[in-house]
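Coordinates in review
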Amino acid sequence: QIKSQQSSGIFKFIMSIHPLDREQIADLDKASLVNIILDLQKMLVEQVAEIQSLRDQISKNSGNSGKPPSSDGLKKPRTRSLREKSKRNSGGQKGHQGHTLNMATTPDHVEVHAISSCPHCSTNLAHIACEQYEKRQVFDIPAMQMEVIEHQAEIKFCPKCLRKAKGDFPADIKKPVQYGQRIKAQAVYLNNYQLLPVARVIELFRDFYGHSPSEAFIFSSNSSMVEAVKPSLEAIKVALIKEHLVQFDESGLRVEGKLNWLHSAGTNHLTYYGVQPKRGKEGMHEIGILPEFKGVAVHDHWKSYFTFNECQHALCNAHHLRELRFIYEQYEQEWAQDMAKLLVNIKKRTENSELGKLSKEEQRQFEENYDKLIELGLEANPPPSIPLPKKRGRKKQSPPKNLLDRLKEFKSQTLAFMVDFRIPFDNNLAERDVRMIKVKQKISGSFRTRHGADTFCSLRSYISTVRKNNLNVIVSLQQALLGKPFLPLREAE
C-alpha cells in the first residue's frame, strides 16, 4: 500500500495534469489509476530529458565544446587551457639564443658630430686631428613618398617608307597614367592579409604616400592578383592531393546575407580555401581535393568526411578533450576525466619516445585501458528503463552516450596518432588556418558578393602558403603580378 504522504504527492501530480476532484479520483478503478500514473511517469521522463538538454546548452562554452570563443558572450568563462602548466619560468630559457639590434657594417649615411672646444678647459680643438670615433647607429625608414617613373617611347620618322615608328612600352603599362605593381601588391597585402577594410587601406596610402587611390583600384588589384596566382592555386591543390597527411576543417561564413561554408585543407607548407553553399559532401566534392585524396585525412568527425572511402581518417582529440571535460563537469562522470587523462598520457608517451614508435605491448596496454573506460562509461549510461515516445528520425541519446558510441566505433581513428607518429594528436593546424577567415568575417560582418568571397579565399590560399614557406608576402605578390607566382611543386622539385 502507498503511504499517506506518497499518496498525497501522487494526488497533486494527478490533479496538475488531470483536473479531477477527490471524489472522481476515488471512483476510478485500479487500471485507470495505473494508466494515469504511467502517463505521468512518461511525462516526467520527457521533462527530465528536456531540462537536462537545456542545462547542457547553457553550460556549453568554448572551453568544453566546439563552440567558438565569440559565442561566449559578455560573461566569458574563466579560461582553463587543456595544456598542463610548465615548470619553466616565463621569459627566455637558459641556452636560448637572443635577438637584438646589431650594428650595420656599412651604414647608408654617416653624420659626424664635431667637437670644437674642450669641455674641461675650453681649449679650441677645431684644428686638432680626430683620434677615434664613438659610434651609435639609428635604424629608421626614409621619408615615404610616391615615386613617379615616366616612360617615354621614341617616335621617329623613317626616311625610307616615310612613316612614323614608335618604340614599345612595357607590357604592363597600358594607360597614360596608372599605379605600379608595388602599390598594387601592397593594396592586396593590406586588404587580404592584414584584413584592413578598403576605406582604411585608402587612408593608409594617403597618410603614407600622399595619394588616395579609389576603391575600384583596390578591387581591381585583387582581381588582377587572383588571375596572377591561378597557376599557384592549381599547384597547391595538386600538391595537397599527393600529400600523405592533410588536415581539413569547415566553418560557417556569411555570403550575400546567407550562411555558406568555408572549407579548408592544409599542411605545414600548403593551404587551400574554398567557399560553398553546402557544408557536406556536395561542397567537399566541389572543392575537388578529398575525392582524389588517398592519404590520411585529419578532421573533427563531421560525418560527411567519412563518405570519402579512398583515404584513411584520423580524429581530432582536442575536440574529444573538450567534450570529455563537459561530461565530467555537467554529468559528474569519472570515466570522462580518466579518458581525458589517458589520451593526454598517450600523447606524452609518443612525444617522448626515442624510437619513433611505441612497442606492441605499450599499444596493447593503452588500448586495454581505453576499452575499460568505454565499458565503465556505458555502464554509467544505460538505456532508459522507460523509453521515450517514438519520434521520426534517429533516436535521441544523451551527450555522454553519443560520445561513448563515437569513441567505441572510431577507436582506431581516435588512437591513430599512437600508431603513426606522423599523424597529429589534434586538428589545430586546420583550426588556425580557419581562424583568420573568421576574423575577416568578424571585421566585415559578411561578404556582400560571392565573387568577393571567392577572391578573398583565393588570395588567402596563396598568401598562407607563401607565409608557411617562410617567403616575403609582398615580394611574392609582386612576383605574381610579374608572371612569376610561387609554385609549391616547382619549389619541391
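Below, the discussion takes up the overall build of the chain. The helix and strand tally for the chain stands at 18 helices and seven strands. Across the 493 residues of the chain, 35% fall into the buried class. Excluding contacts between residues fewer than 6 apart, the proportion of contacts in the chain whose partners are at least 24 apart in sequence is 62%. Working note: accessible area of the chain is about 33700 Å², and carbon and sulfur atoms make up 52% of it.

Turning our attention to the packing of helix H5 (residues 198–209) against helix H6 (residues 215–228). Where H5 contacts H6, the two axes come as close as 9 Å, and the packing angle between them is 105°. Relative to H6, the element H5 is oriented roughly perpendicular. Touching Val198, Val201, Ile202 and Phe205 of H5 are Glu215, Ile218 and Phe219, all from H6. Among the residues making up the contact of H5 with H6, the classes are represented as six nonpolar, no polar and one charged.

Take the packing of helix H7 (residues 230–242) against helix H16 (residues 450–468) next. Where H7 contacts H16, the axes come no closer than 10 Å and their chain directions differ by 70°. Relative to H16, the element H7 lies roughly perpendicular. By crossing handedness, the relation of H7 to H16 is classed as left-handed. Facing H7, whose interface residues are Ser232, Leu233 and Ile236, H16 presents Ser458, Ser461, Tyr462 and Thr465.

All of the buried residues along helix H12 (residues 399–409) are Pro400, Lys401, Leu403, Leu404, Arg406 and Leu407. The elements touched by buried residues of H12 are helix H9 (317–331), helix H10 (334–352), helix H11 (360–380) and helix H13 (411–414).

Attention now goes to H9. For H9, built from 15 residues, the straight-helix expectation of 21 Å at 1.5 Å per residue is met to within 8% by its first-to-last C-alpha distance of 20 Å. Taking burial as the measure, the 15 residues of H9 include eleven buried ones, the bulk of the element. For H9, the complete set of buried residues consists of Asn317, Ala318, His319, His320, Leu321, Arg322, Leu324, Arg325, Phe326, Ile327 and Tyr331. The first or second residue beyond H9 is glutamate 332, which carries a positive phi of 55°.

Judged by nonpolar contacts, the single largest core of 45 residues is most densely connected at Phe205, Ile218, Met225, Leu240, Phe248, Leu290 and Leu477. When contributions to this core are tallied by element, the ones reaching two or more residues are helix H4 (181–192), H5, H6, H7, strand S3 (245–255), helix H8 (281–287), H16 and helix H17 (473–481). Core analysis: the next-biggest nonpolar cluster, separate from the first, contains 30 residues, Met339, Ala340, Ile346 and Met418 among them.

Another point: the side chain of glutamine 413. Structurally, the position occupied by glutamine 413 is in helix H13. Classification of glutamine 413 by relative accessible area gives buried; the value is 19%. At 3.0 Å, the side chain of glutamine 413 and the side chain of serine 412 are in polar contact. Setting aside residues up to four positions removed in sequence, glutamine 413 forms contacts with His313, Ala314 and Leu315.

Turning next to the environment of aspartate 338. Of note, aspartate 338 is situated in helix H10. A relative accessible area of 33% means that aspartate 338 is categorised as partly exposed. Here the alpha-carbon distance between aspartate 338 and leucine 373, two residues 35 residues apart in the chain, equals 7.5 Å.

The subject of this paragraph is the packing of aromatic side chains. Under the definition given, this model contains ten aromatic pairs. Geometrically, the ring pair formed by phenylalanine 326 and tyrosine 331 is edge-to-face, given 6.3 Å between the ring centres and 75° between the ring planes. Both residues of the pair, phenylalanine 326 and tyrosine 331, belong to the buried class. Both rings, one in phenylalanine 417 and one in phenylalanine 425, keep their centres 5.0 Å apart while their planes meet at 90°; by these two values the pair is edge-to-face. A residue is classified by how much of its surface remains accessible, and phenylalanine 417, at 4% relative accessible area, is buried. Phenylalanine 425 sits in the buried class, given a relative accessible area of 9%. Over the ring of phenylalanine 425 we find lysine 347, and its NZ or CZ is 5.8 Å from the ring centre.

Analysis parameters
Each chain has its residues counted from 1, running along the sequence as written. Local features in this predicted model are restricted to residues of pLDDT 70 or higher, and side-chain atom pairs are both shown and tallied only at a pLDDT of 80 or more, whereas totals for entire chains, interfaces and linings draw on every residue. For the side-chain quantities, the full set of heavy atoms in the structure was used; hydrogens and water were omitted. What counts as a helix is a DSSP run of H or I of at least four residues, what counts as a strand is a run of E of at least two, and both are numbered from the N terminus. We call a residue buried when its accessible area falls under 20% of the maximum for its residue type, exposed when it is over 50%, and partly exposed in between, using a 1.4 Å probe and counting protein chains only. We call two residues contacting when some pair of their heavy atoms lies within 4.5 Å. Computed with a 1.4 Å probe, the accessible areas rest on the Shrake-Rupley method; for each residue, only the protein chains presented here act as cover. Lines fitted to C-alpha atoms define the axes, with helix axes restricted to the stretch in contact, and inter-axis angles between N-to-C directions lie between 0 and 180 degrees. Small angles under 35 degrees read as roughly parallel and large ones over 145 as roughly antiparallel, with 65 to 115 read as roughly perpendicular and the rest as oblique. When residues are sorted by character, Ala, Val, Leu, Ile, Met, Phe, Trp, Tyr, Cys and Pro go into the nonpolar class, Asp, Glu, Lys and Arg into the charged class, and all the rest, Gly among them, into the polar class. Helix crossings are classified by the rotation of the near helix relative to the far one: an anticlockwise turn of less than a right angle makes the crossing left-handed, while a clockwise turn makes it right-handed. Expected helix span is taken as 1.5 Å per residue step, with the number of steps being one fewer than the number of residues. Buried residues of nine kinds, namely Ala, Val, Leu, Ile, Met, Phe, Trp, Tyr and Cys, make up a nonpolar core once their side-chain atoms join them within 4.5 Å. Nitrogen and oxygen atoms within 3.5 Å of one another constitute a polar contact, given that in protein one can donate a hydrogen and the other can accept it, and given that sequence-neighbouring residues count only through two side-chain atoms. Under the pairing criterion, centres of Phe, Tyr and Trp rings, with the six-membered ring standing for Trp, must be within 6.5 Å; the plane angle then separates stacked pairs below 30 degrees from edge-to-face pairs above 60, leaving the rest tilted. Cation placement over rings: the criterion is NZ of Lys or CZ of Arg within 6 Å of the ring centroid and within 35° of the ring normal.

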